[in-house]
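# Examining the three-dimensional arrangement
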Amino acid sequence: MKHNFDLIVSRKETHSTKWLKFSEQDVIPMWIADMDFVCPSEITSSISERVDQGIFGYTNTPSSLTDIFIKRVKENTDWTINKDWIVWIPGGVVGLNVACKTVLAPGEMAMVPSPIYAPFSEAPENMERGFVKTHLQDNQGRLEFDVEAIKTLLTEDIKMFFLCNPQNPGGTVFNQDEIEEISVICEQMGIIVCSDEIHSDLILDDDVKHIPYASLNSYNKENSITIMGPCKTFNIAGFPIATAIIPNQTLRQDFIRNTKGIVAHIDSIAFVAAEAAYSDAKEWHSDLITYLKSNKELLLERINNIAGLSLRGPEAGFLAWIDCSNSGLENPSEFFIKEAKVGVYDGAWFGDKNYVRLNFGCPRSILEEALDRIEKAFSQRN
Ligand SMILES: Cc1ncc(COP(=O)(O)O)c(C=O)c1O
């Protein structure tokens, strides 16, 4: 492996959200979803070059960025995207919120499969729209749709379905049958899907393939908003940039109208970072996947050896959704943070307090230290 993911870089000095949260305590932060890896050198050198030029005025979206993004999606998923379907936005969560405003009229609702990254449930509320939760089923550690429950919850007022694929926090990569089931229901009910596929370049399981929802059939294509972007894959979340891919022209125009005057323009450096990521960082990306796979293996082996904890995935990404429901702990995240001194994300934030989410996108030595602490804390429980 050419790239050194073992390197430990101090982040507190840069006001890192992740590292400041527990900075007063001796707690290893493993909560929010950015990784502790230096991003590809191709990105940092492109940024340096851009900084050297010294003028940071209003900037158009580089056409070359859109071209390379389309090329990468085609290579990775075989989905052919037309250039005019793409709306660049400053971050994935912006896309979720604008999608709610665009698709849902006041009084209409989104269906939100829970547990899920909290901004999916927050977006309808932010936009003064409603939402209905459907619960994903934990099938031996894999979060899956409960299609019968979805059908019974459907009403005329539900006009949008929030898909998160790969799923956060569960790491499920939904297969063709699963996506088809959702597609059939949505077509029957005239529902538009907002599909957040921001983790789709981080597939870890060799026998799993990401299928973009919109690529499956013409109903999906015409009735969807797909969110993708480089921030998770290339660890550049501090430069918010993402795409909303909207093949349907009317929907796209409405979406763009709803961004006007509210959604900030994209940072000129974010464009540079995104283009360098998609153009030049293939080798780094491939090494990253190899490294994350090893971290995942280590985590699986050691977490599943602790009585009361269980972990299966993730099939994609760097977030582990650890089932603590057999641990007897009233408040698992509090135990991880206070007793083990490992700063996990409380499962309650996603919709299930019996789980914790642990970010393993970090150097192996940090993960090993965290696992030592978790093992010790569980072995000392009385
Ligand atoms: C599924 C999903 N969508 C969106 C985001 C956030 O994207 P952004 O920082 O670009 O708004 C995250 C971050 O964890 C995420 O997991």
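Residues numbered from 1 in each chain as written. Predicted model: local features only at pLDDT ≥ 70, side-chain atom pairs only at ≥ 80, totals over all residues.

## Quick look at the domain arrangement of the protein
Looking at the assigned domains, one finds that the protein contains domain 1 (12–40 + 282–379) and domain 2 (56–280). Between domain 1 and domain 2, the C-alpha centre-to-centre distance is 25 Å. Contact with domain 1, which involves 29 residues of that partner, is made by 29 residues of domain 2. At the level of secondary structure, the elements contributing two or more residues to the side of domain 1 that touches domain 2 comprise helix H11 (282–303) and strand E11 (319–323). Ranked by residue count, the leading element in the side of domain 1 that touches domain 2 is H11, at 5 residues. A class-by-class count of the residues in the side of domain 1 that touches domain 2 yields 15 nonpolar, 6 polar and 8 charged. (Domains from an automatic or database assignment. Contact = placed C-beta atoms within 7 Å. Helix = DSSP H or I, 4+ residues; strand = E, 2+ residues; numbered from the N terminus. Nonpolar A, V, L, I, M, F, W, Y, C, P; charged D, E, K, R; others polar.)

## Side note on the packing of helix H3 (residues 63–77) against helix H10 (residues 268–280)
Closest axis-to-axis distance for the H3/H10 pair is 9 Å, and the angle between their directions is 35 degrees. Between H3 and H10 the crossing geometry is left-handed. In this structure, H3 contributes Ser-64, Leu-65, Ile-68, Phe-69 and Arg-72 to the contact, and H10 contributes Phe-271, Ala-274, Glu-275, Tyr-278 and Ser-279. The class makeup of the residues in the contact of H3 with H10 is 6 nonpolar, 2 polar and 2 charged. (Axes fitted to C-alpha atoms, helices over the stretch in contact; angles between N-to-C directions. Left-handed = near helix turned anticlockwise from the far one by under 90°.)

## Comments concerning the sheet that holds strand E4 (residues 130–135)
Pairing is mixed in the open sheet, where 7 strands are placed in the order E2-E10-E9-E8-E7-E3-E4. Two strands close off the open sheet at either side, each with one partner strand: strand E2 (86–89) and E4. Adjacent strand axes in the sheet meet at a mean angle of 20 degrees, parallel and antiparallel pairs treated alike. In the sheet, strand E3 (residues 109–114) pairs with E4 via 6 bridges, with the strands oriented parallel. In the strand pairing of E4, Val-112 is matched with Lys-133. Sheet contacts for helix H4 (residues 92–103): E2, E3, strand E7 (158–164), strand E8 (192–196), strand E9 (224–228) and strand E10 (242–245); angle to E8, the most-contacted strand, approximately 175 degrees. (Pairing = 2+ DSSP bridges.)

## Focus on the nonpolar core
Core analysis: the biggest nonpolar cluster contains 116 residues, and Phe-162, Ala-273, Ala-277, Ile-322, Val-342 and Val-344 have the highest contact counts within it. Looking at which element gives the most residues to this core, the answer is H10, with 8 residues. Lining this core are residues from two domains, each supplying at least three of them: domain 1 (12–40 + 282–379) and domain 2 (56–280). The contact partners of Ala-273, leaving out residues within four places of it in the chain, are Ile-43, Ile-47, Ile-236 and Phe-239. (Core = buried A, V, L, I, M, F, W, Y, C linked by C-beta atoms within 7 Å. Buried ≥ 20, exposed ≤ 12 C-beta atoms within 10 Å, placed from the backbone.)

## Description of the site of the ligand
Around the ligand sit 14 residues, and of these Ala-33, Gly-91, Gly-92, Val-93 and Asn-168 come closest. Here the shell around the ligand is built from residues that sort into 9 nonpolar, 4 polar and 1 charged. (Near = placed C-beta within 6 Å.)

## Observations concerning the pairing of E9
Within E9, 5 of the 5 residues are buried, which leaves it mostly tucked inside the rest of the structure. Burial along E9 is two-sided: Ser-224, Thr-226 and Met-228 and Ile-225 and Ile-227, pointing in opposite directions, are all buried. Pairing geometry for E8 and E9, over 4 bridges, is parallel. What sits directly across from Ser-195, in E9, is Thr-226. Two elements, E9 and E10, share 3 bridges in a ladder whose sense is antiparallel. What sits directly across from Met-228, in E10, is Thr-243.

## Let's talk about helix H2 (residues 41–53)
Here H2 is 13 residues long and its end C-alpha atoms lie 19 Å apart, about the 18 Å a rise of 1.5 Å per residue gives. The first or second residue beyond H2 is Gly-54, which carries a positive phi of 90 degrees. (Expected span 1.5 Å × (residues − 1).)

## Quick look at the sheet that holds E11
In space, the 3 strands of this open sheet follow the order E11-E14-E13, with antiparallel pairing throughout. For this open sheet the edge positions go to E11 and strand E13 (345–346), each flanked by a neighbour on one side alone.

## As for the environment of Glu-222
Checked against the element boundaries, Glu-222 lands in helix H8 (residues 218–222). With 15 C-beta atoms counted inside 10 Å, the residue Glu-222 sits in the partly exposed group. With 158 residues separating them along the chain, Glu-222 and Ser-64 place their C-alpha atoms 26 Å apart. Not counting residues up to four positions away in its chain, the partners in contact with Glu-222 are Pro-247 and Asn-248.

## With respect to unusual backbone geometry
At the junction of Asn-165 and Pro-166, the peptide bond is cis and its omega measures out at -5 degrees in the coordinates. Backbone torsion omega between Asn-168 and Pro-169 reads 25 degrees, so that peptide bond is classified as cis. Along the chain, the position of Pro-169 falls in the loop between E7 and helix H7 (176–189). Its identity as a non-glycine residue notwithstanding, Gln-140 has a phi of 50 degrees, on the positive side. Tracing the chain through its elements places Gln-140 in the loop between strand E5 (137–139) and strand E6 (142–144).

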